[in-house]
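For reference, the chains in residue letters:
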Amino acid sequence: MKNLKKVLAVVLVAALAVAFAACSGGSKSAAVKTGLAVTGTIEDVKDTTLTIDVVAAAVTVDADGKIVDVKIDEAQTKPDLAKADADYGVDLRTKYEKQGDYAMKATSEAMGIGKEWFEQADAFMAWAKGKTAADVRAAVNAEGKTDDAELKAGCTITIATIAETVAKAVDNAAELGATATDKLALNIKTEKYYESNEKNLQYDSNVAAVTTDADGKITSCLIDAAQGKGAMADGKFTVAAGSFLSKKDLKEDYNMKATSEAMGIGKEWYEQAAAYENWAKGKTAADVKAAVNAEGKTDDAELKAGCTITISSIAETVAAAAQA
């Protein structure tokens, strides 16, 4: 009997140890990779009107390369230079921000689902969870849509660019400090470039992918920007239609290093972006906003050592994502 009691005691202690481990160290959320990708396209160039599309995708990815969470959005900027107002009638909200104002529902009803763009984006994001980059790419058919029954039930829009951008975000993903329980957010802020005029026009879309913990602190941060540019000549808008690279994808071709050398650091935009991303970790949205000075740059010694670019729009985009 005494031996039986000893055995039971040992079993009980072992069970309690397992339970304690599960409630403490065992409950620690697994690390995930964070990824961002941006695809820029200029199309529909007709006289004085064009469409600048910037599709962005943010992901968190597990150790098996499967998507834990994903966010997608698209900034579709349509300046009409025939309009008299200084903003050319442009609505700078993203497709997701426009919600019902995007007015896709009627067209979608003809496809059998009657859903707005943001609702179809939600369906795509729900479907993509648990998928790999290869799975996402494989879901696109020859027409740029999908034959996947589950996805097709909630998403009839052309998904080719969205799917490729999501897959690229998975390919780009790296361990930056996020865990599976952190909140993932994506924000795009598009603005007319301050030097735009009747002869030259540029719209910049700043993009931020951010993960935050339960205390609202940033655990990982990725930023990028896409610049849609063109010019007016003889009353017509001239631009090279097709895809264009984001600042981060341009790497050295963005050609900022010479200007940066005059600032004392000699770094390209993507290198300064990396310095900003690293600095942002552990910060709150309020901290991010507070680091911007009156000139739109920073007086923060740590940040200034690796980032001399104007950060006001970047900070606004990152802070908005951190507060989402």
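Residues numbered from 1 in each chain as written. Predicted model: local features only at pLDDT ≥ 70, side-chain atom pairs only at ≥ 80, totals over all residues. Heavy atoms only, no water.

### Here's the deal with the overall build of the protein
For step 1, the next point in the chain: A tally of helices and strands in the protein yields 13 helices and nine strands.
For step 2, the next point in the chain: The 324 residues of the protein split such that 44% are buried.
For step 3, the next point in the chain: Within the protein, contacts between residues separated by at least 24 positions form 60% of all contacts whose residues are at least 6 apart in sequence.
For step 4, the next point in the chain: Surface summary for the protein: the accessible area is close to 16,200 Å², and the carbon and sulfur share equals 52%. (Helix = DSSP H or I, 4+ residues; strand = E, 2+ residues; numbered from the N terminus. Buried < 20%, exposed > 50% of the residue type's maximum accessible area, 1.4 Å probe, protein only. Contact = heavy atoms within 4.5 Å. Areas by Shrake-Rupley, 256 points an atom, 1.4 Å probe, with all protein chains shown as cover.)

### As for the side chain of Asn187
For step 1, the next point in the chain: In this fold, Asn187 is placed in strand β5 (residues 183-192).
For step 2, the next point in the chain: In this structure Asn187 touches Glu97, Asn206, Val207, Ala208, Thr317, Ala320 and Ala321, once residues within four positions along its chain are discounted.

### Let's talk about the nonpolar core
For step 1, the next point in the chain: Of all hydrophobic cores here, the largest spans 29 residues; its most connected members are Val70, Ile72, Phe124, Ile162 and Val166.
For step 2, the next point in the chain: Put simply, the parts of the chain that give this core at least two residues each are β2 (49-61), β3 (67-77), α4 (117-128), α5 (133-138) and α7 (160-172).
For step 3, the next point in the chain: Look past the residues within four positions of Ile162 in its chain and what remains in contact with it is Val55, Ile72, Trp117, Phe124 and Ile157.
For step 4, the next point in the chain: Counting residues in each nonpolar core, the second largest holds 26 residues, with Ile218, Ala280, Ile309 and Val318 among its members. (Core = buried A, V, L, I, M, F, W, Y, C linked by side-chain atoms within 4.5 Å.)

### Remarks on the layout of surface pockets
For step 1, the next point in the chain: The volume enclosed by the largest pocket comes to roughly 810 Å³.
For step 2, the next point in the chain: Residue lining of the largest pocket: 30 residues in total, with Tyr193, Asp204, Gln227, Lys247 and Tyr254 positioned closest to the centre.
For step 3, the next point in the chain: For the lining of the largest pocket, the secondary structure elements donating two or more residues are β5, β6 (200-212), β7 (218-233), α8 (247-250), α9 (257-262), α10 (269-280) and α13 (312-323).
For step 4, the next point in the chain: Class assignment of the residues belonging to the lining of the largest pocket gives a composition of twelve nonpolar, twelve polar and six charged. (1 Å grid on protein atoms, 1.4 Å probe; cavity = no way out; pocket = protein on both sides within 12 Å on 5 of 7 lines; lining within 4 Å. Points joined across faces, edges and corners; volume = space filled by probe spheres on them. Nonpolar A, V, L, I, M, F, W, Y, C, P; charged D, E, K, R; others polar.)

### With respect to the side chain of Asp182
For step 1, the next point in the chain: Position of Asp182 relative to the elements: it lies in the loop between β4 (174-179) and β5.
For step 2, the next point in the chain: No salt bridge is formed by the buried Asp182. Its closest oppositely charged neighbour is Lys281, at 11 Å.
For step 3, the next point in the chain: Only 2.8 Å separates the side chain of Asp182 from the backbone nitrogen of Thr179, close enough to count as a polar contact.
For step 4, the next point in the chain: A polar side-chain atom of Asp182 sits 2.9 Å from a polar atom in the side chain of Thr219.
For step 5, the next point in the chain: Excluding its chain neighbours within four sequence positions, the residues that come into contact with Asp182 are Gly177, Thr211, Thr212, Asp213 and Thr219. (Lys, Arg positive; Asp, Glu negative; His and termini not counted. Salt bridge = Lys/Arg side-chain N within 4 Å of Asp/Glu carboxyl O. Polar contact = N/O pair within 3.5 Å; in protein donor to acceptor, adjacent residues only side chain to side chain.)

### What to know about the pairing of β2
Moving residue by residue along a regular strand, the side chains alternate between the two faces of the sheet.
For step 1, the next point in the chain: With respect to burial, β2 is a largely interior element, twelve of its 13 residues being buried.
For step 2, the next point in the chain: Pairing analysis gives ten bridges linking β2 to β3, with the strands arranged antiparallel. Paired with Ala57 across the bridge in β3 is Ile72. (Pairing = 2+ DSSP bridges.)

### Re the pairing of β6
For step 1, the next point in the chain: Buried residues dominate β6, accounting for twelve of its 13 residues.
For step 2, the next point in the chain: Looking at chain direction, β5 and β6 are connected through ten bridges and run antiparallel. Residue pairing across strands places Asn187 opposite Ala208, the latter belonging to β6.

### Notes on the packing of aromatic side chains
For step 1, the next point in the chain: Tallied over the entire structure, the rule returns three aromatic pairs.
For step 2, the next point in the chain: Considering the side-chain rings of Phe124 and Trp127, the 5.5 Å spacing of their centres and the 55° angle between planes classify their relative orientation as tilted. In this pair, Phe124 and Trp127 both sit in helix α4, three residues apart, roughly one turn of the helix.
For step 3, the next point in the chain: For Trp127, a relative accessible area of 3% corresponds to the buried category.
For step 4, the next point in the chain: Summarising the aromatic geometry, the rings of Tyr276 and Trp279 are spaced 5.4 Å apart at their centres and angled 50° between planes, so their arrangement reads as tilted. Of the two residues, Tyr276 and Trp279 are both situated in helix α10; the distance of three residues between them amounts to about one turn of the helix. Like Tyr276, the residue Trp279 is buried in the burial classification.
For step 5, the next point in the chain: Of note, Lys251 hangs over the ring of Tyr270, and the distance from its end group to the ring centre comes to 4.3 Å. (Phe/Tyr/Trp six-rings, centres within 6.5 Å; stacked < 30°, edge-to-face > 60°. Lys NZ or Arg CZ within 6 Å of the ring centre and 35° of its normal.)

### Regarding α10
For step 1, the next point in the chain: Here α10 is twelve residues long and its end C-alpha atoms lie 16 Å apart, about the 16 Å a rise of 1.5 Å per residue gives.
For step 2, the next point in the chain: By the burial criterion, the buried members of α10 are Trp269, Tyr270, Gln272, Ala273, Tyr276, Glu277, Trp279 and Ala280.
For step 3, the next point in the chain: Trailing α10 by a residue or two, Gly282 shows a phi angle of about 90°, which is positive. (Expected span 1.5 Å × (residues − 1).)

### Observations regarding the pattern of salt bridges
For step 1, the next point in the chain: Counted according to the given criterion, the structure contains eight salt bridges.
For step 2, the next point in the chain: Residues Asp101 and Arg93 are paired through a salt bridge, measuring 3.1 Å at the closest nitrogen-oxygen approach.
For step 3, the next point in the chain: Residues participating in the shared-partner salt-bridge network are Asp91, Arg93 and Asp101.

### Concerning α13
For step 1, the next point in the chain: Taking 1.5 Å of rise per residue, twelve residues should cover 16 Å, and α13 covers 16 Å from first to last C-alpha, within 8% of that figure.
For step 2, the next point in the chain: Where α13 is concerned, the buried positions are Ser313, Ile314, Ala315, Thr317, Val318, Ala319, Ala321 and Ala322.

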